[in-house]
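# Structural overview for review
One-letter residues, chain by chain:
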Amino acid sequence: MSSTDATPETGTSDDVLIIHGGTPLEGEVTVRGAKNLVSKAMVAALLGTSPSVLRSVPAIRDVEVVTGLLRVHGVDVELDGDTLYMDPTSVESAGVEEINVHAGTSRIPILLCGPLLHRLGRAFIPDLGGCNIGGRPIDFHLDALRKFGAVVDKDADGTHLSAPNGLHGIRYELEFPSVGATEQVLLTAVMAKGTTELRNAAIEPEIIDLICILQKMGAIIKVHTNRVIEIVGVDELKGYRHRALPDRIEAASWASAALATEGSVFVRGAQQTDMMTFLNVFRSIGGAYEVDDDPTEGGIRFWHPGTALKPVAIETDVHPGLMTDWQQPLVVALTQADGLSIMHETVYENRFGYTSELRRMGANIELYSDCLGGTPCRWGRRNFLHSAVIAGPSKLHAADLQIPDLRAGFSHLIAAMAAEGTSRVYGVDRYITRGYENFEAKLLGLGAKIERPSTKIA
Ligand code: EPZ
């Protein structure tokens, strides 16, 4: 199964946001449920024999994609405000053509394997999409599924799976604590016969939230120390009621935007516990924040204190390290720090492509294949440009920008808002709407001077 990652097109289309930069972002935004939990929670609903209810669901395209995938498999999905009702009582097989409508749109379809094998005895998975940030193989997923007892056949249409002898618990160790492969094992093991022991598992907060959902459904899952998860298979799971944990990637994106534009943004819904590593980095750079932990109205206010920002040497890592998805917005903020910063990307081999556009805007960023962080990683030996040195502060100037992927796209928006002059950012509908709910309304609410080609700013 190959990843059909989208190729950016330079465009003259309407998919462009015009940004008049140089205005500090000031005000408040609300973040809802995490994209990287909500989509998986929707897949988990397939395992239930009764309906599930998921609250705090953001209006983003990845939710639409998974809704489409569930519906073609006979799940009744209804959205009321930000509450999603999913009734899987009439799950049925879907045709290759109707599933393939969703080919190339997201990475989530691979997670339907276990639930569909349990419910229907077979599954068809279209070619995957997702951001173009590295090879993004799915070898761990397929290897684990085969060990569970699945038969995997790839053909020109996509991947067909069956489980002629049912699925059985396994002892499995991941080569790398992959988020998706951990979720694959969880969603398959909960109803496999016997016990599964997963070693070197990912333990991101979104995974722990997925475990909470599965536990509500009737699963038996023990999270041991040292990345070991033990799952005792059960015969039946019921539906769940759950409020998705808030999106800590979106929260950090707004925090970085506040810092880069010398503004102040209250991110309602942001939670300190899931963002501890980010908050340490934010403070080390010289950013200020204040946590309001009211359970319903709380959040975190992030602001630029008016003093020079400081350079840092940091590296991305799996949880509890610095999230790779926080890297791009932080790099934009680091272009404004006074001195040399280092960012060592250890999760993906190719996640600095967006920096060429930042360089065109006046940022001073050099890429290296050496591991410039404290930890030698697997990309250094393989010659990938995965370390960045950022020399600041740089005066950013406006440019026409082509978004290459979701998080890089948001960092381009931040750079355009921090820059003097008028930038045109292409690809916002195609990429940003995948993971940022109502981002244009939020930007306008924060005082950003933005417009579409056909509209005039007030
Ligand atoms: C999830 O991707 C997220 N996506 C990503 O967010 C996030 O960056 C990533 O986890 C890491 O936190 C979703 O949840 C939908 P991985 P995932 O498996 O699960 C290698 C965003 O912008 N690997 O943890 O696909 C892989 O190549 C997105 O919201 C294998 O080698 O990530 C990578 O180097 C982007 N073989 C590393 O593991 C495999 O079979 C981590 O990937 C699987 C992964």
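Once a new chain begins, its residue numbering starts again from 1 and follows that chain's sequence as written. Restriction of local features to residues with pLDDT of at least 70 applies here, the model being predicted, together with a cutoff of 80 or more for giving and counting side-chain atom pairs; totals for whole chains, interfaces and linings are based on all residues. Side-chain measures were taken over the full set of non-hydrogen atoms in the model, leaving aside hydrogen atoms and water.

The name an unreviewed UniProt entry assigns to the protein is UDP-N-acetylglucosamine 1-carboxyvinyltransferase, from the organism Glycomyces harbinensis. Taken verbatim from the UniProt record of the protein, the Sequence similarities (unreviewed entry) comment is "Belongs to the EPSP synthase family. MurA subfamily." Listed in UniProt under the heading Function (unreviewed entry), the comment for the protein reads: "Cell wall formation. Adds enolpyruvyl to UDP-N-acetylglucosamine." UniProt positions are given in the numbering used here, feature names are shortened, and annotations may be inferred rather than shown by experiment.

## Quick look at the packing of aromatic side chains
Any Phe, Tyr or Trp ring, taking Trp's six-membered ring, that has another such ring centre within 6.5 Å forms a pair; planes under 30 degrees apart are called stacked, those over 60 apart edge-to-face, and the others tilted. Scanning all chains against the criterion turns up eight aromatic pairs. Ring geometry for Phe278 against Phe302: centres 6.3 Å apart, planes inclined by 75°, an arrangement best described as edge-to-face. Within this pair, whereas Phe278 is found in helix α9 (residues 276-285), its partner Phe302 is found in strand β16 (residues 299-303), the two being separated by 24 residues in sequence. Each member of the pair Phe278 and Phe302 is classed as buried. Here the guanidinium or amino end of Arg301 rests over the ring plane of Trp303, the centre of that ring lying 4.0 Å away. Each helix is a run of H or I in the DSSP string that is no shorter than four residues. Each strand is a run of E no shorter than two, and both are numbered from the N terminus. Exposure categories follow from relative accessible area, calculated using a 1.4 Å probe and restricted to protein chains: below 20% of the type maximum is buried, above 50% is exposed, and the middle band is partly exposed. Working rule: Lys NZ or Arg CZ, within 6 Å of ring centre, within 35 degrees of ring normal, means a charge sits over the ring.

## Thoughts on the domain arrangement of the protein
The start and end points of each domain follow an automatic or database-based domain assignment. Along its sequence, the protein is carved into domain 1 (16-31 + 246-451) and domain 2 (35-243). A straight line from the C-alpha centre of domain 1 to that of domain 2 covers 30 Å. Between domain 1 and domain 2, the contact holds 23 residues from the first and 23 residues from the second. Summed over both partners, the accessible area (1.4 Å probe) lost when two parts come together is defined as the buried area. For the pairing of domain 1 and domain 2, the buried interface totals around 2000 Å² over both sides, and the portion due to carbon and sulfur atoms is 49%. Together, Val318, His319 and Arg434 form the three largest contributors to the area buried by domain 1 at its contact with domain 2, with a combined 33%. By definition, a salt bridge exists where a carboxyl oxygen of Asp or Glu is found within 4 Å of a side-chain nitrogen of Lys or Arg. A salt bridge links Arg248 to Glu206, with the shortest nitrogen-to-oxygen separation between them at 2.7 Å. We define a polar contact as two N or O atoms separated by no more than 3.5 Å, with the added condition that, inside protein, one atom must be a possible hydrogen donor and the other a possible acceptor, whereas residues neighbouring each other in sequence contribute only through side-chain atom pairs. Run the count over domain 1 and domain 2 and you get ten residue pairs in polar contact (both at pLDDT 80 or more). Among the secondary structure elements, those contributing two or more residues to the side of domain 1 that touches domain 2 are α8 (248-260), α12 (406-418) and α13 (428-431). Note on residue classes: Ala, Val, Leu, Ile, Met, Phe, Trp, Tyr, Cys and Pro are nonpolar, Asp, Glu, Lys and Arg are charged, and everything else, Gly too, is polar. Taken together, the residues of the side of domain 1 that touches domain 2 sort by class into seven nonpolar, four polar and twelve charged. Here, residues are in contact when the closest pair of their heavy atoms is within 4.5 Å.

## A closer look at helix α7 (residues 205-217)
Each α-helix winds once per 3.6 residues, and so residues spaced three or four apart point in a common direction. Expected helix span is taken as 1.5 Å per residue step, with the number of steps being one fewer than the number of residues. Between its first and last C-alpha, α7 extends 19 Å over 13 residues, near the 18 Å set by a 1.5 Å rise per residue. For α7, the complete set of buried residues consists of Pro205, Glu206, Ile207, Asp209, Leu210, Ile211, Ile213, Leu214 and Met217.

## Here we look at the layout of surface pockets
Here the term cavity refers to a set of points on a 1 Å grid, laid over the protein atoms alone, in which a 1.4 Å probe fits but cannot get out; the term pocket refers to an open set having protein on both sides within 12 Å along at least five of seven lines, with lining residues being those that place an atom within 4 Å of a point. Grid points are joined across faces, edges and corners, and a volume is the space filled by probe spheres set on the points. In this structure, the largest pocket spans a volume of roughly 1100 Å³. Along its surface, the largest pocket is lined by 46 residues, and Arg136, Ser178, Val179, Gly180 and Tyr348 are the ones closest to its centre. Mapped by element, the contributors of at least two residues to the lining of the largest pocket are α1 (35-44), α5 (139-148), α6 (179-189) and α12. Looking at the lining of the largest pocket residue by residue, the classes come out as 18 nonpolar, nine polar and 19 charged. For the lining of the largest pocket, the domains that each give at least three residues are domain 1 (16-31 + 246-451) and domain 2 (35-243). Of the pockets and cavities examined, the second largest pocket occupies roughly 500 Å³. In terms of lining, the second largest pocket is formed by 24 residues, of which the most central are Pro246, Gly269, Gln271, Pro295 and Thr296. Counted by class, the lining of the second largest pocket contains six nonpolar, ten polar and eight charged residues. In this structure, the lining of the second largest pocket is formed jointly by two domains, domain 1 (16-31 + 246-451) and domain 2 (35-243), each of which donates at least three residues.

## Description of the side chain of Arg248
Checked against the element boundaries, Arg248 lands in helix α8. Classification of Arg248 by relative accessible area gives buried; the value is 3%. At 2.7 Å, the side chain of Arg248 and the side chain of Glu206 are in polar contact.

## Examining unusual backbone geometry
A cis amide bond links His319 with the next residue in sequence, Pro320, at an omega value of 15°. Mapped onto the elements, Pro320 comes out in the loop between β17 (313-315) and α10 (327-334). The phi dihedral of Glu262 is positive, around 60°, even though this residue is not glycine. Mapped onto the elements, Glu262 comes out in the loop between α8 and β14 (264-268). Given the relative accessible area of 54%, Glu262 is considered exposed.

## Some points on the pairing of β14
Extensive coverage of β14 is indicated by the burial of five of its five residues. Both faces of β14 are covered, namely the face carrying Ser264, Phe266 and Arg268 and the face carrying Val265 and Val267. Taken together, the five bridges between strand β2 (residues 26-30) and β14 define a ladder with parallel strand orientation. Directly across from Glu26, in β14, lies its bridge partner Ser264. Paired strands, in this sense, are two strands between which DSSP finds at least two bridges. Bridging between β14 and β16 involves five bridges; their strand directions are antiparallel. Each bridged residue has a counterpart across the sheet, and for Val267 the counterpart in β16 is Ile300.

## Focus: the sheet that holds strand β5 (residues 83-87)
Reading across from one edge, β4-β5-β3-β13 is the order of the four strands in this open sheet, with mixed pairing throughout. Strand pairing shows two members of the sheet lacking a second neighbour, β4 (76-80) and β13 (241-243), which therefore form its edges. Neighbour-to-neighbour, the strand axes of the sheet open up by a mean angle of 15°, direction not taken into account. Two strands pair when backbone bridges link them, and β4 and β5 are joined in this way by five bridges, in the antiparallel orientation. Each bridged residue has a counterpart across the sheet, and for Leu79 the counterpart in β5 is Leu84. Inter-axis angles, ranging from 0 to 180 degrees, are taken between N-to-C directions of lines fitted to C-alpha atoms, where helices are fitted over the stretch in contact.

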